[in-house]
Amino acid sequence: MTLITRRMLVGGAAASAGLLLSGCDKLAQNEQFRQILFSGEKINYHLQRALMNRDALAPEFRPDQMSPRFRTNGTANPGTPEYGAMVADNFANWRLKIGGLVTKPLDLSLAQVRSMPARTQITRHDCVEGWSAIGKWHGPTLKSVLQTAGIRPEARYIVFTCADLYSGANYYESVDMVDAFHPQTILAWAMNDAVLSVGHGAPIRLRVERQLGYKQAKYVMAVDAVASLAGIGQGKGGYWEDSIDYDWYAGI
Ligand SMILES: Nc1nc2c(c(=O)[nH]1)N[C@H]1C(S)=C(S)[C@@H](COP(=O)(O)O)O[C@H]1N2
Ligand SMILES: [Mo]
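Residues numbered from 1 in each chain as written. Chains lettered and ligands numbered in written order. Predicted model: local features only at pLDDT ≥ 70, side-chain atom pairs only at ≥ 80, totals over all residues. Heavy atoms only, no water.

A.B. asks: Just to check I follow, could you spell out the pairing of strand E3 (residues 119-127) for this structure?
C.D. replies: Regular strands have side chains that alternate between both faces of the sheet. As defined by bridge partners, E3 adjoins strand E4 (residues 131-139) across nine bridges and the pair is classed as antiparallel. Bridge pairing links Thr123 to Gly135 in E4. (Pairing = 2+ DSSP bridges. Helix = DSSP H or I, 4+ residues; strand = E, 2+ residues; numbered from the N terminus.)

What follows is the structure, encoded as structure tokens:
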């Protein structure tokens, strides 16, 4: 599969070099072409980076297009005593820690996160398991939070550590700085005009709208800027990437 796809890609790219050079943006926007090109191979990240404008916005929808039902997936409640205690007091003692390669580490209360200037966006969530849903998300941009903390130049990735455990290890995810600073990347504390529910990741979850569902980390407890993903989990940048070899870059 990988070999065939690579051959197809290399052959295709060589054969249509002129086409790629002249109209790669248009081609990359063509849905069928994108599906062939970005069909889940490891090569996908580099190609996608080269061919697509990573700052482009994900489609946003009208309120009447919102899904009547937005299912939960993966963890629907971390179920640990620590998390249970936080739910019991409405996250009054919850703290979001922003650390790693920053000049000014932050320790934010939920009230502080909720008082930051926020973005609202209605987007489609696409899960690899074959379902999608359109929902409304609201929260500060990750960019504004990171700028408050002062990102150091060595930082290359942002790692999100979550409250839920899988076989004793925290669910985690990571993005590069392009996605971290993307205008639609937010730390959502509200969904569909209500405070984020436990099922959907209370009190905050990541929305990184140009990527697939498993990148949308729920129950975020810590946000760390790092120079490398080596030594975090099994080094592949996320729980599913480590455990069942999902692509780290899950661009859509
Ligand atoms: N902490 C955490 N985040 C997670 C998951 C999880 O199990 N734990 N599952 C992921 C997957 S596979 C999907 S599709 C979405 C589901 O988000 P939802 O429950 O709000 O629909 O969350 C993602 N983020
Ligand atoms: Mo998913």
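Next comes the rest of the account.
A.B. asks: What is the right way to read the sheet that holds strand E5 (residues 157-166) from this model?
C.D. replies: Two strands in a sheet stick together by hydrogen bonds in their backbones, pointing the same way (parallel) or opposite ways (antiparallel). Read across the sheet, five strands follow the order E2-E1-E11-E5-E6 without closing on themselves; strand pairing throughout is mixed. Since the sheet does not close on itself, it has two edges, and those belong to strand E2 (106-108) and strand E6 (169-176), each with one partner. Each neighbouring strand pair of the sheet contributes to a mean axis angle of 20°, computed without reference to strand direction. Relative to strand E11 (residues 220-226), E5 runs antiparallel, the two sharing six bridges. (Axes fitted to C-alpha atoms, helices over the stretch in contact; angles between N-to-C directions.)

A.B. asks: Mind showing me how you'd approach the site of ligand 1 here?
C.D. replies: Inspection of the region around ligand 1 gives 22 residues, with Arg71, Asp164, Tyr166, His200 and Lys218 positioned closest. At 2.5 Å from an oxygen atom of ligand 1 is found a side-chain nitrogen or oxygen belonging to Tyr166. Protein contact buries 99% of the 530 Å² of open area that ligand 1 shows by itself. Mapped by element, the contributors of at least two residues to the shell around ligand 1 are E3 and E5. Broken down by element, the residue count for the shell around ligand 1 peaks at three residues, all from E5. A per-class count over the shell around ligand 1 returns nine nonpolar, nine polar and four charged. (Near = heavy atom within 4 Å. Polar contact = N/O pair within 3.5 Å; in protein donor to acceptor, adjacent residues only side chain to side chain. Areas by Shrake-Rupley, 256 points an atom, 1.4 Å probe, with all protein chains shown as cover. Nonpolar A, V, L, I, M, F, W, Y, C, P; charged D, E, K, R; others polar.)

A.B. asks: Teacher, can you tell me more about the packing of aromatic side chains here?
C.D. replies: Two aromatic rings are characterised by how far apart their centres lie and by the angle between their planes. Within the structure shown, the criterion is met by 13 aromatic pairs. Between Tyr171 and Tyr239 the ring centres are 5.7 Å apart and the planes differ by 35°, which places this aromatic pair in the tilted class. Of the two residues, Tyr171 is situated in strand E6 and Tyr239 in helix H9 (residues 239-244); the sequence distance between them amounts to 68 residues. We classify Tyr171 as buried; its relative accessible area is 8%. Accessibility expressed as a relative area gives 17% for Tyr239, which makes it buried. Each residue in the set Tyr166, Tyr171, Tyr214, Tyr239, Trp240 and Tyr246 is aromatic and connected to the rest through ring pairs, giving one cluster. (Phe/Tyr/Trp six-rings, centres within 6.5 Å; stacked < 30°, edge-to-face > 60°. Buried < 20%, exposed > 50% of the residue type's maximum accessible area, 1.4 Å probe, protein only.)

A.B. asks: Looking at this structure, how should I read the side chain of Gln211?
C.D. replies: Mapped onto the fold, Gln211 is located in the loop between strand E10 (205-207) and E11. We classify Gln211 as buried; its relative accessible area is 4%. Looking at Gln211, its side chain comes within polar contact range of the main-chain nitrogen of Ala250, at 2.8 Å. The contact partners of Gln211, leaving out residues within four places of it in the chain, are Val175, Asp179, Gln216, Trp248, Tyr249, Ala250, Gly251 and Ile252. (Contact = heavy atoms within 4.5 Å.)

A.B. asks: Can you help me understand the environment of Tyr157 in this one?
C.D. replies: Relative to the helices and strands, Tyr157 resides in strand E5. The sequence separation of Tyr157 and Gly237 amounts to 80 residues, and the corresponding C-alpha distance is 9.1 Å. Ignoring sequence-local partners within four residues, the contact set of Tyr157 consists of Val175, Asp176, Met177, Asp224, Ala225, Val226, Ala227, Ser228, Leu229 and Trp248. Reaching out from Tyr157, the side chain makes a polar contact with the side chain of Arg156 at a distance of 3.5 Å.

A.B. asks: Can you walk me through the pairing of E6 in this structure?
C.D. replies: Here E6 lies mainly inside the structure; six of its eight residues are buried. Strand direction decides the pairing type here: E5 and E6, joined by seven bridges, are antiparallel. Across the sheet, the residue bridging to Ile158 is Val175, located in E6. Hairpin remark: E5 followed by E6, antiparallel, with two residues in the connecting loop; positive phi at Ser167, about 50°.

A.B. asks: Looking at this structure, I do not really get the sheet that holds strand E8 (residues 190-191). What am I missing?
C.D. replies: Pairing is antiparallel in the open sheet, where four strands are placed in the order E3-E4-E8-E9. In the strand order of this sheet, the two ends are held by E3 and strand E9 (194-195), each with one partner.

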